[in-house]
Amino acid sequence: MKKLLFVFIGLALLSCKPKPEEPSIVEDVNVSVSSIQEGDTLLASEVSGLVLTYSANVQVVAGKSITLNGQPIVPTRGNTMRELVFPLELQDSVAYTLSIEKGAIANSKDANHIAPAYTLHFYTYGTWKPTPPVASFLRQLGWGWNLGNHFDTSSGKDGKKSNFWDNAKPTEQLYKNLKAMGASTVRMPVTWGNYQDVENNYAIDADYMALVKQNVDWALNAGLYVILNTHHDEYWIDIVGAAINASLKDSISNRITITWTQIANAFNYAGDHLIMETFNELHNEAWGWGSSNARYYALQNEWNQVAVDAIRATGGNNATRWIGVPGFCANPKFTMEGLVLPKDPASKIMVGVHNYDPYQFAQKAEKNEWGHTSSNKDCDEAYFNDLFQQLYDKYIANNIPCYLGEYGCVVQPTARGEQFRNYYFEYFCRCAYMHNLPVMLWDNNNNGNGERFYFINHNDGSLYNEPLVKLMIKAATSTDPTYTLESVYNKAPK
């Protein structure tokens, strides 16, 4: 009986012992929602704070760094234990960086469970307010480069082929090197007319098409965006003749449809990184300067619609890809004045403009200085700020992507001229960036006579002028909040 008594006593003691508590689960700490997205462009006067929502209840850890553009910022508790509110007093036209040190935010239950470092970049543009998806897409296009004049073989006659103007043979390495150096986009200008068989319904030569496709594929495989267009086909897209000859206009419209249908079908396999651009610079002999622009505007608009309809009609990926359209001459002034966007069921039309201002400095090298410290005040810094703001207000703020498909400045004949050229490029690119405009450098690979736009070797992507190319890429892409237009302005040659 004593043994049984001991067993019962032991069981009683075990049944009275309290159960151990189950360990509480401590959640990881990460930002799950931000009221401002990476790369957003905001209206300064409408934003008073940033709200970060975490994956768990959080606390702010003393002694850790939380800064906005290098200055300490102290968050407060939001509506829930998972929210932190960062007060903001934003200024116009500023790039902002919020930096939260690793461990500055921790789980409120267990401070040993810390949030990783967090960085957020966003921007303000005074009275401008873009739609974030458009702004984000344009940032992806970043800094771009033209394979200028390589596929421009125009002799001005149908079926008369000629040597490629840039005297180059691009390789796959060209596009890999472009991506590695920081380029995001390649604009590929192509003249198609000389390789069309007029007697066979304007069929494009198969070997020529294969060569263009090879270069497009190399660029896409390297992770680049590609803008593919009809370039020096102006010899048959005769806007001056068509403006006064209805029969000629109808004939050209028909050929535009046939040409773009072939191009679109050939590239229908490509995804959204391929952008089709209807035309280059349709112009009259005076490059558009005159009193008869209205009829040219109307034709440009009509033919943009014809090309867009032809591309969309091929279906597949072409039903939804971005299509770039220029205004008359691709001139910003004429574009804003006369361009009517094509009707598009996909609502994915972009506006492409070109700029080589001031002409006597950027294209002719007849005046070898530029900007506020120079003797040449033509199209100075204020001019570009105003022009880019107008483009922004007209298009980007209204959710219409806009890009500078060509810009450039020829080599200057003196060392001092080259100093001003470097300054011009840096200011131009930084100003475009601050207005959310992607830029594509014109490069014709020409280091001989004529217009000397040579920067990157068209064969393999090696650099002719490495410091200048890297300067442009930095100016067109850097998110450094201290890299302001004012900081560039203050570096102008004396």
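Scoring rules and cut-offs
- Residues numbered from 1 in each chain as written.
- Predicted model: local features only at pLDDT ≥ 70, side-chain atom pairs only at ≥ 80, totals over all residues.
- Heavy atoms only, no water.
- Buried < 20%, exposed > 50% of the residue type's maximum accessible area, 1.4 Å probe, protein only.
- Helix = DSSP H or I, 4+ residues; strand = E, 2+ residues; numbered from the N terminus.
- Pairing = 2+ DSSP bridges.
- Right-handed = clockwise from strand over helix to strand, strands pointing away.
- Core = buried A, V, L, I, M, F, W, Y, C linked by side-chain atoms within 4.5 Å.
- Contact = heavy atoms within 4.5 Å.
- Expected span 1.5 Å × (residues − 1).
- Phe/Tyr/Trp six-rings, centres within 6.5 Å; stacked < 30°, edge-to-face > 60°.
- Lys NZ or Arg CZ within 6 Å of the ring centre and 35° of its normal.

(A) Summary view of the pairing of strand E19 (residues 349-355). Extensive coverage of E19 is indicated by the burial of 7 of its 7 residues. Of the two faces of E19, both are covered, the one formed by Ile 349, Val 351, Val 353 and Asn 355 as well as the one formed by Met 350, Gly 352 and His 354. Two strands pair when backbone bridges link them, and strand E18 (residues 323-326) and E19 are joined in this way by 4 bridges, in the parallel orientation. The residue of E19 that forms the bridge with Val 325 is Val 351. Taking the sense of rotation as the criterion, the β-α-β connection linking E18, helix H8 (residues 332-338) and E19 turns out right-handed. Two elements, E19 and strand E20 (residues 402-407), share 5 bridges in a ladder whose sense is parallel. When the sheet's bridge partners are listed, Val 353 is paired in E20 with Leu 404.

(B) Quick peek at the nonpolar core. In this structure, Trp 143, Tyr 175, Phe 267 and Trp 303 are the most contacted members of the largest nonpolar core, which totals 120 residues. Considering every element that reaches this core, the biggest residue donor is helix H11 (residues 415-434), with 11 residues. In this view, Phe 267 contacts Trp 192, Met 209, Val 212, Lys 213, Val 216, Leu 228, Leu 274, Met 276, Asn 318 and Arg 321; residues no more than four positions away in its chain are not counted. Ranked by size, the runner-up nonpolar core spans 25 residues in total, among them Val 58, Ile 105, Ala 115 and Leu 120.

(C) Structural view of helix H7 (residues 293-313). Taking 1.5 Å of rise per residue, the 21 residues of H7 would be expected to cover 30 Å, and the 30 Å separating its terminal C-alpha atoms lies within 8% of that figure. Across the 21 residues of H7, 15 count as buried, placing the element largely inside the fold.

(D) Molecular detail of the packing of aromatic side chains. Scanning the model with the defined rule gives 31 aromatic pairs in all. Measuring from ring centre to ring centre gives 6.2 Å for Trp 370 and Tyr 427, while their planes differ by 55°; the resulting arrangement is tilted. Residue Trp 370 is found in the loop between helix H9 (359-362) and helix H10 (381-394), and its partner Tyr 427 is found in helix H11; the two are separated by 57 residues along the sequence. Across the pair, exposure class does not vary: Trp 370 and Tyr 427 are buried alike. Here a set of aromatic residues connected by ring pairs shows up, and it is made of Phe 361, Trp 370, Tyr 383, Phe 384, Phe 388, Tyr 407, Tyr 423, Tyr 424, Phe 425, Tyr 427, Phe 428 and Phe 455. Directly above the ring of Tyr 433 sits Arg 139, whose terminal nitrogen or CZ lies 3.8 Å from the centroid. The ring of Tyr 483 has Lys 474 lying over it, and the distance from NZ or CZ to the ring centre is 4.9 Å.

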